[in-house]
Amino acid sequence: MNKSSSSDTQQLILTHTQVGGEAAPNPCRRNDTPDPAPEGAFFLVNKRELIPPADTNGSQPPTIIETHDPRTGEVIQFEMTKTGLYAPRYTREDSQNTRNDRWEMKWSLDKLLPDSPQTKCHRWVVPGKDVEIKKSLEYDKSFFTNLQCCGSVWGCPLCAPKITERRRVEVAEGMEISLSRGNDVMLSTFTVPHGMGDNLEAVLNSMLKKVWPKLSQGRSGQELRRLIRLLGTIRVLEVTYGHNGWHPHFHALLFLDGGLSPQEVEDAFWPLWLDGCIKAGLESPSRLHGCRVDDGTRAAQYVTKWGLDAELTKGHLKRGKKSVTPWDLLRVFTFGPEDRRIDPELQELLQALKIDQKRAGALWMTFFKAFKGKRQLYWSNGLRDLLGLKKEKTDKELAEAEMDRLAALLRTLTREEHFLVVKTKSQPMLLTLADDCPELIPDFIQSLRKKGGIQ
Ligand SMILES: [Zn+2]
């Protein structure tokens with residue numbers, strides 16, 4: 001790592017101007033070639049370079065395992081090496097590029113949602129506080145404190161991954177408690193037929209307000225609960241866009257007192273779902289797709305993978321899908337469909353769906369208007385109490401919660417310095433610098449002053 005010098009300052013000015021174009025270069029490196037590193041030398045979690053596989057009771061350990069950074073929601077994958085130990089699969093630069101992408105997606109919202117809470121998010125300072133740059137000692141990554149968060153789980157690339165990940169951890173905990181008590185947890189999926197030209201907001205409102213309550217309320221809903229010994233549900237709202245237009249759907253984790261097969265549970269739900277759809281004026285769902293219940297293995301897989309579409313680390317998702325997610329749309333609107341940050345498989349799909357940059361923005365707006373204010377995840381009444389979990393936090397509380405008990409203060413920014421950082425959109429660059437060579441932060445801020453014509 002180079003120490004600060006006048007040539008460094010020059011370098012900082014040069015590299016800074018590149019933020020917002022291609023991936024922001026790391027100012028601590030003097031060329032594009034990553035530092036040669038021995039296998040497993042990257043440090044992402046607890047600086048553990050290599051970790052042994054868990055006991056798999058004699059069966060083959062998985063090639064790839066995943067963990068999550070609870071602070072940012074970032075997925076961290078570990079891959080089995082020849083030595084039989086796991087090493088982090090992505091480099092520190094991948095993680096920093098993910099952060100850059102999120103900031104750029106956030107800035108692109110200025111065009112779609114001007115003057116919205118999202119555009120003020122991570123820009124406005126908490127009243128009476130100073131913005132600090134801190135570095136997590138546990139995750140070895142830098143972050144800002146005392147910035148206001150919008151807490152939008154559907155529309156903020158900075159808040160959503162945090163909220164989703166924190167909720168996912170809680171769902172996994174609830175599931176574990178229930179299973180340890182000998183209960184069953186199954187995964188159910190509920191859909192309605194959809195087609196081009198559907199009014200997404202109207203369909204969604206019917207599903208939420210008219211059809212879903214049929215499954216738990218009224219005489220038939222109560223009877224169903226008793227029949228399948230349903231203790232509670234966690235409902236997740238999702239949507240994709242494909243050849244048949246918008247596809248809003250529910251997944252629900254079913255907490256059951258046991259004794260029934262997934263097929264028996266599905267057969268019990270089906271007539272209520274069908275009846276609810278018909279009475280709500282929606283098209284009748286097919287028996288094959290309308291309602292499906294899978295066993296505990298699928299439920300566990302779902303809880304592990306849930307929220308990955310809000311996570312942006314490149315290449316971790318094997319798509320193989322025929323539809324795009326709202327996060328895909330926002331990425332395409334931000335970077336353009338042919339950008340190298342859009343993976344080739346998605347590019348092909350975009351062509352087939354005739355989605356260009358402008359249309360991606362328009363589709364995203366349709367999605368956001370329909371989903372804004374809706375709860376992404378809903379615990380049925382009494383389930384949290386039953387599982388002994390604390391009162392649920394709001395999305396905003398989750399986005400604002402600082403997880404890092406152990407963090408080093410690197411720098412407190414003055415109001416003027418923070419203003420400069422915001423004005424020049426230097427936040428991700430500053431954090432990268434704080435990750436890798438915090439001693440250069442004063443030089444970097446000085447370079448911003450020169451750039452901004454101050455001093
Ligand atoms: Zn936000």
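Position numbers for residues count from 1 along each chain, tracking the sequence in the order it is written. Only residues with pLDDT of at least 70 are given local features in this predicted model, and only at 80 or more are side-chain atom pairs given and counted; all residues enter the totals for whole chains, interfaces and linings.

Q: Residue-level account of the overall build of the protein chain, with values.
A: Check the secondary structure of the protein chain and you find 16 helices and 12 strands. As a rule, residues whose C-beta atom has 12 or fewer other C-beta atoms within 10 Å are exposed, those with 20 or more are buried, and those in between are partly exposed; C-beta atoms are placed from the backbone. Buried residues in the protein chain amount to 39% of all 455 residues. Within the protein chain, residue pairs in contact and separated by at least 24 positions form 73% of the contacts whose partners lie at least 6 positions apart. Secondary structure elements are defined from DSSP: runs of H or I of at least 4 residues count as helices, runs of E of at least 2 residues count as strands, and each element is numbered from the N terminus. C-beta atoms are placed from the backbone for every residue, and two residues are taken to be in contact when these atoms lie within 7 Å.

Q: Any chance you could break down the nonpolar core for me, citing the residues and the numbers?
A: Working definition: the nonpolar core is a set of buried Ala, Val, Leu, Ile, Met, Phe, Trp, Tyr and Cys residues, joined through C-beta atoms within 7 Å. Judged by nonpolar contacts, the single largest core of 68 residues is most densely connected at C159, L253, L254 and L256. Discounting chain neighbours no more than four positions away, the residues touching L253 are V171, M175, V185, L187, T233, I234 and A299. Formed by 16 residues, the second largest nonpolar core is a distinct cluster that contains I133, L147, M429 and A434.

Q: Could you give me a rundown of the sheet that holds strand β4 (residues 132-136), with the residues and numbers involved?
A: Taken in spatial order, the 3 strands line up as β5-β4-β12 in an open sheet, and their pairing is antiparallel. Pairing within the sheet leaves two strands with one partner each, and these edge strands are β5 (142-145) and β12 (407-412). With direction set aside, neighbouring strand axes in the sheet form an average angle of 30°. Should DSSP find at least two bridges between two strands, the strands are taken to pair. One ladder, built from 4 bridges, connects β4 with β5; its direction is antiparallel. Its bridge partner being in β5, K134 is matched across the sheet by F143. Where helices are involved, their axes are fitted lines through C-alpha atoms of the stretch in contact, as for all axes, and angles between N-to-C directions lie from 0 to 180°. Packing of helix α15 (residues 427-436) onto the sheet brings it into contact with β4, β5 and β12, and relative to β5 it is tilted by some 125°.

Q: Would you mind going over unusual backbone geometry in detail, with residue names and values included?
A: Positive phi, close to 60°, is recorded for D115, a residue that is not glycine. As for its placement among the helices and strands, D115 is situated in the loop between α2 (92-112) and α3 (117-120). Despite not being glycine, K425 shows a phi value in the positive range, around 50°. Within the secondary structure layout, K425 lies in the loop between α14 (415-423) and α15. You can call K425 partly exposed: it has 15 C-beta atoms within 10 Å.

Q: Can you tell me about the environment of K374, naming the residues and giving the values?
A: When you line up the elements, K374 lands in the loop between α11 (357-371) and β11 (377-379). What makes K374 partly exposed here is the crowd of 15 C-beta atoms within 10 Å. As for K374 and N205, which are separated by 169 residues in sequence, their C-alpha atoms are 9.5 Å apart. Setting aside residues up to four positions removed in sequence, K374 forms contacts with L208 and L237.

Q: So what about the confidence of the model for the protein chain? Which residues, and what values?
A: Looking at any residue, its pLDDT shows the predictor's confidence there, from 0 to 100. Here the protein chain averages 82 in pLDDT, while 79% of its residues score no lower than 70. No element of the protein chain has a lower mean pLDDT than helix α1 (residues 6-16), at 32, and none a higher one than α11, at 97. Low pLDDT, under 50, characterises residues 1-49; the predicted model gives this stretch 72 contacts beyond four residues in sequence or across chains.

Q: Describe the packing of helix α5 (residues 200-211) against α11, naming the residues involved and giving the relevant values.
A: One can describe the packing of α5 onto α11 by two numbers: an axis separation of 9 Å at closest approach and a directional angle of 30°. Between α5 and α11, the interaxial angle falls into the category roughly parallel. Relative to α11, the crossing made by α5 is right-handed. Judged by residue contacts, L200, E201 and L204 of α5 engage T366, F367, K369 and A370 from α11. For the contact of α5 with α11, a count of residues per class yields 4 nonpolar, 1 polar and 2 charged. Should an angle lie under 35 degrees it is considered roughly parallel, over 145 roughly antiparallel, and from 65 to 115 roughly perpendicular; all remaining angles are considered oblique. It is the rotation of the near helix from the far one that decides the hand of a crossing: anticlockwise by less than a right angle makes it left-handed, clockwise makes it right-handed. Asp, Glu, Lys and Arg are counted as charged, while Ala, Val, Leu, Ile, Met, Phe, Trp, Tyr, Cys and Pro are counted as nonpolar; the rest, among them Gly, fall into the polar class.

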